[in-house]
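What follows is the residue order along each chain.
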Amino acid sequence: MNIAEKLNNSDHPLFTFELLPPLKGRGIDAIYDTIDNLLEFNPSYINITSHAADIVYKNMPDGSISKMVVRKRPGSVATAAAIKYKYNIEVVPHIICSGLNREEIENLLIDLNFLDINNIFVLRGDPQKGSRIFIPKEDGHDHTTSLMQQVNMMNSAKYLDDSLKNPKATQFSMGVACYPEKHIEAPNLATDIQYLKEKVNLGAGYAVTQMFFDNQKYKDFVKSCRASGINIPIVPGIKPIAALNDISLLPQIFNIDLPEDLVKEIQKCKTKEQVRELGVEWSVAQAKDLLAFGVPSLHFYSLGESDNLKKICKAVF
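A brief look at the structure comes next. Note that the coordinates shown come from a computational prediction; the quantities given were computed from them, not determined experimentally.

**A closer look at helix 2 (residues 29-38)**
Alright, step 1. Along helix 2, the residues classified as buried are Ile31, Tyr32, Thr34, Ile35, Asn37 and Leu38.
Alright, step 2. Where helix 2 is buried, its residues contact strand 1 (14-19), strand 2 (45-48), helix 3 (76-87) and helix 11 (307-316).

**Describing the packing of helix 7 (residues 215-227) against helix 10 (residues 272-293)**
Alright, step 1. Put simply, helix 7 and helix 10 touch, their axes get as near as 10 Å, and they point 25° apart. Taken as axis vectors, helix 7 and helix 10 run roughly parallel relative to one another. For the crossing formed where helix 7 meets helix 10, the hand is right-handed. Between helix 7 and helix 10, the residues in contact are Asn215, Tyr218 and Lys219 and Gln286, Asp289, Leu290 and Phe293, respectively.

**Looking at the pairing of strand 5 (residues 90-96)**
Side chains on a regular strand alternate between the two faces of the sheet.
Alright, step 1. Burial analysis of strand 5 places seven of its seven residues in the buried class, the great majority of the element.
Alright, step 2. Across four bridges, the pairing between strand 2 and strand 5 is parallel. Looking at the pairing, Ile46 lines up with Val91 of strand 5.
Alright, step 3. In this region the chain leaves strand 5, passes through helix 4 (residues 102-114) and returns to the parallel neighbour strand 6 (residues 119-123); the handedness of that crossover is right-handed.

**So, the pairing of strand 7 (residues 173-178)**
Alright, step 1. Most of strand 7 sits out of view: five of its six residues are buried.
Alright, step 2. Of the pairings in the sheet, the one linking strand 6 to strand 7 comprises four bridges and is parallel in character. Along strand 7, the bridge assignment pairs Asn119 with Ser173.
Alright, step 3. Of the strand pairs in this sheet, strand 7 and strand 8 (residues 204-211) are connected by five bridges, and their pairing is parallel. Of the residues in strand 8, the one forming a bridge with Val176 is Ala207.
Alright, step 4. With respect to chirality, the unit in which strand 7 leads through helix 6 (residues 189-201) into the neighbouring parallel strand 8 is right-handed.

**A look at the pattern of salt bridges**
Alright, step 1. Enumeration over the complete set of coordinates arrives at 13 salt bridges.
Alright, step 2. Across the pair Lys264 and Glu260 runs a salt bridge whose closest N-O atoms are separated by 3.2 Å. Residue Lys264 and its partner Glu260 are both found in helix 9 (residues 260-268); the two are separated by four residues, about one turn of the helix.
Alright, step 3. Relative accessible area serves as the criterion here: at 56%, Glu260 is assigned to the exposed category.
Alright, step 4. The salt bridge involving Glu277 is made with Lys311; its shortest N-O contact spans 3.6 Å. Taken together, the positions of Glu277 in helix 10 and Lys311 in helix 11 put the pair 34 residues apart, joining distant regions of the chain.
Alright, step 5. Linked by salt bridges that have partners in common, Glu40, Lys310 and Lys314 make up one network.

**Concerning the side chain of Asn47**
Alright, step 1. For Asn47, the location among the structural elements is in strand 2.
Alright, step 2. Among the polar contacts listed, one links the side chain of Asn47 to the side chain of His94, at a separation of 3.2 Å.
Alright, step 3. The contacts of Asn47, once residues within four sequence positions are left out, are Phe17, Glu18, Leu19, Val92, His94, Phe121 and His299.

Each value, and the rule that gives it
Residues numbered from 1 in each chain as written. Predicted model: local features only at pLDDT ≥ 70, side-chain atom pairs only at ≥ 80, totals over all residues. Heavy atoms only, no water. Buried < 20%, exposed > 50% of the residue type's maximum accessible area, 1.4 Å probe, protein only. Helix = DSSP H or I, 4+ residues; strand = E, 2+ residues; numbered from the N terminus. Contact = heavy atoms within 4.5 Å. Axes fitted to C-alpha atoms, helices over the stretch in contact; angles between N-to-C directions. Parallel < 35°, antiparallel > 145°, perpendicular 65-115°, else oblique. Left-handed = near helix turned anticlockwise from the far one by under 90°. Pairing = 2+ DSSP bridges. Right-handed = clockwise from strand over helix to strand, strands pointing away. Salt bridge = Lys/Arg side-chain N within 4 Å of Asp/Glu carboxyl O. Polar contact = N/O pair within 3.5 Å; in protein donor to acceptor, adjacent residues only side chain to side chain.

Listed below in structure tokens is the structure:
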């Protein structure tokens, strides 16, 4: 059963969360610890993020400057496979345009197909650090829709090399991202919803929202999507506030607004522990209100931290 079918056929809201692959040089034990801490809530699937390589410039001993490509979090496919076969939980690795060309993406998808990982989450990805615009790799994709077309081609047994003999069709099911407060590059929300509709027309079975902290924005977004003929499940993405600097960092990075009441309460906090407890309380209130609204699932951005998420789940599920 693919993720869209799980969402559409479940008689109760699902619980899911997102994990980061370990930093290069680290082991996978921290990933397992996070999952172990949340197993009692029966996660329906776990998303595994993917991160493009960064370009860094290093001063060399001879005084020259060397350009280096550094991938800080490799191993999305291996992380997804390890989780799937250790816990028998469905995994949904992110497939991004950023930093990959069509052949690299095809090979990545072939690996996933061999591992019987058929649920994927397709994204364009962020611009490289220091760039305001997204620049695809040569022979890469500049938009999610183009990436989705490549996946659809493989699902029709059409590969980049058209001389292959009797190629096998893949069976990938796709989820996509959506933005209740619009994507930072979209001129307006109405246009952004039309972009989402294009993804639906290309086979997106469900969408997961960018994090938000005002539930009314999610509810209004769902209403606008339905009015535009978008009828796939729209899963709310929730991130518990965890640090005082989230006040400035989250709006800057994700182009979102923080409610005035939340900001005032965060500013009253004196310690990180107080901020985290406030984040738990806000997320619990958000989650309960969203469940009352009738969402198909709650998806949490854990960023590798599970203690606060466990408190939220105990209060909600």
